[in-house]
Amino acid sequence: MKQTTIARRVETVGIGLHKGEPIHLALEPLDANMGIIFHRTDLGISFKAEPSNVVNTQMATVVGNEKGFVSTIEHLLSAINGYGIDNIRILLDANEIPVMDGSAISFCMLLDEAGVVQLNEGKKVILVRREVEVAEGSKFVRTLPSSNPKFDYTIKFNHPVIGEQRYVFEFSKTNFIKEIARARTFGFLKDLQMLQAQNLALGASLDNAVAIDDNRILNPEGLRFENEFVRHKILDAIGDLSLLGAPLLGDYVAFAGSHDLNHKLTLAILADEKNYEMVTLSGELLKDYQRVFA
């Protein structure tokens, strides 16, 4: 099994969640061992999708440097990770990825349009060697060794619409499209009003998020899944973990996780070489991974 990229350039235009303005987004092929590169066409700068380039995790995962940044990258990266794409250039003319419908399905459609092709270098994965956990109070995220990657996520909100939800997702491209990609981001009406007073979330609407007031869902169409909230948290985690620089071959378990905890987990994994091994797929590992992306 070889590294992959997309077959051809594709592009789209969407609204930015925070500024509410149109953003032009393009995806281009990259050579082997290049990874995921963001390029701001309006500033003429590039930076790699990796933990050391994360500059903020408060409301979304943000990568950048002293010259510029790109925000809300997790939904696009989730689709890229879900499709097993190793090398790709992401070009945009603003400081955030378009929110689209608040899920990853529009990016999946864009990747389907682009096509996925193999390169002439062996595929590398990060093999989890031992348990790594990051916790804050009762909240935690952890990775564990496994040849059949799963995302086991639990959320708990003191809200009648959400409450406590748990979902166990067996990672594969097919399952990602079917079970995770369509799950939308969600937010509370009181928080939206506060953000918009600060000139943030100006592009938020019922077209790109599940909105909740004190006791009900405001979207006329309702939910796409009964447990859409926890499924979206898994979507976010898949995107955040793609910053490791290679697909993670191991289990992920979380209770009340966040972008910040996911970022700290990637740093913790890479901080000790005993936690992981970067391997080129062969033998039994190759068989395991081929099953995941069959």
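Residues numbered from 1 in each chain as written. Predicted model: local features only at pLDDT ≥ 70, side-chain atom pairs only at ≥ 80, totals over all residues. Heavy atoms only, no water.

A. Expanded view of the nonpolar core. If you look at the biggest cluster of nonpolar residues, it comprises 69 residues, and the most contacted ones within it are Leu27, Phe38, Ile90 and Ile97. The element best represented in this core is helix 5 (residues 228–241), accounting for seven residues. Once residues within four sequence positions are removed from consideration, Ile90 is found in contact with Leu25, Ala26, Leu27, Ile36, Ile37, Phe38, His39, Leu76, Leu77, Ile80 and Ile97. Counting residues in hydrophobic clusters, the runner-up holds seven residues, among them Leu127, Leu249, Val279 and Leu286. (Core = buried A, V, L, I, M, F, W, Y, C linked by side-chain atoms within 4.5 Å. Buried < 20%, exposed > 50% of the residue type's maximum accessible area, 1.4 Å probe, protein only. Helix = DSSP H or I, 4+ residues; strand = E, 2+ residues; numbered from the N terminus. Contact = heavy atoms within 4.5 Å.)

B. How the structure looks around the pattern of salt bridges. All told, the structure shown has 18 salt bridges when counted by the stated rule. Here Glu113 makes a salt bridge to Arg8, at a shortest N to O gap of 3.6 Å. Of this pair, Glu113 sits in helix 2 (residues 105–114) while Arg8 sits in the loop between strand 1 (2–6) and strand 2 (10–15); the two residues are 105 residues apart in sequence, bridging distant segments of the chain. Between Lys264 and Glu136 there is a salt bridge whose closest N-O contact spans 2.8 Å. (Salt bridge = Lys/Arg side-chain N within 4 Å of Asp/Glu carboxyl O.)

C. Focus on the UniProt feature "active site" (unreviewed entry) in the chain. Residues given the UniProt feature "active site" (unreviewed entry) here are His259. The topology assignment puts His259 in helix 6 (residues 259–271). According to the relative accessible area criterion, His259 is buried, its value standing at 11%. Setting aside its immediate chain neighbours within four residues, His259 contacts Thr57, Met59, Ala60, Thr61, Glu74, Asp236 and Asp240. Polar side-chain contacts of His259 include one of 3.3 Å to the side chain of Thr61. (UniProt positions renumbered as here; feature names shortened; annotations may be inferred. Polar contact = N/O pair within 3.5 Å; in protein donor to acceptor, adjacent residues only side chain to side chain.)

D. Structural context of the packing of helix 1 (residues 74–82) against helix 5. Remark: helix 1 packs on helix 5, axes separated minimally by 7 Å, with the N-to-C direction vectors making an angle of 75 degrees. Taken together, helix 1 and helix 5 sit at an angle that is classed as roughly perpendicular. Judged by residue contacts, Glu74, His75, Leu77, Ser78, Asn81 and Gly82 of helix 1 engage His232, Leu235, Asp236, Ile238, Gly239, Asp240 and Leu241 from helix 5. Taken together, the residues of the contact of helix 1 with helix 5 break down into four nonpolar, six polar and three charged. (Axes fitted to C-alpha atoms, helices over the stretch in contact; angles between N-to-C directions. Parallel < 35°, antiparallel > 145°, perpendicular 65-115°, else oblique. Nonpolar A, V, L, I, M, F, W, Y, C, P; charged D, E, K, R; others polar.)

E. Here's a closer look at the pairing of strand 7 (residues 62–65). Here strand 6 (residues 54–56) pairs with strand 7 via two bridges, running antiparallel. Within strand 7, the residue paired with Val54 across the bridge is Val63. Taking the residues between adjacent antiparallel strands as the criterion, strand 6 and strand 7 are bridged by five residues. Of the pairings in the sheet, the one linking strand 7 to strand 8 (residues 68–70) comprises three bridges and is antiparallel in character. (Pairing = 2+ DSSP bridges.)

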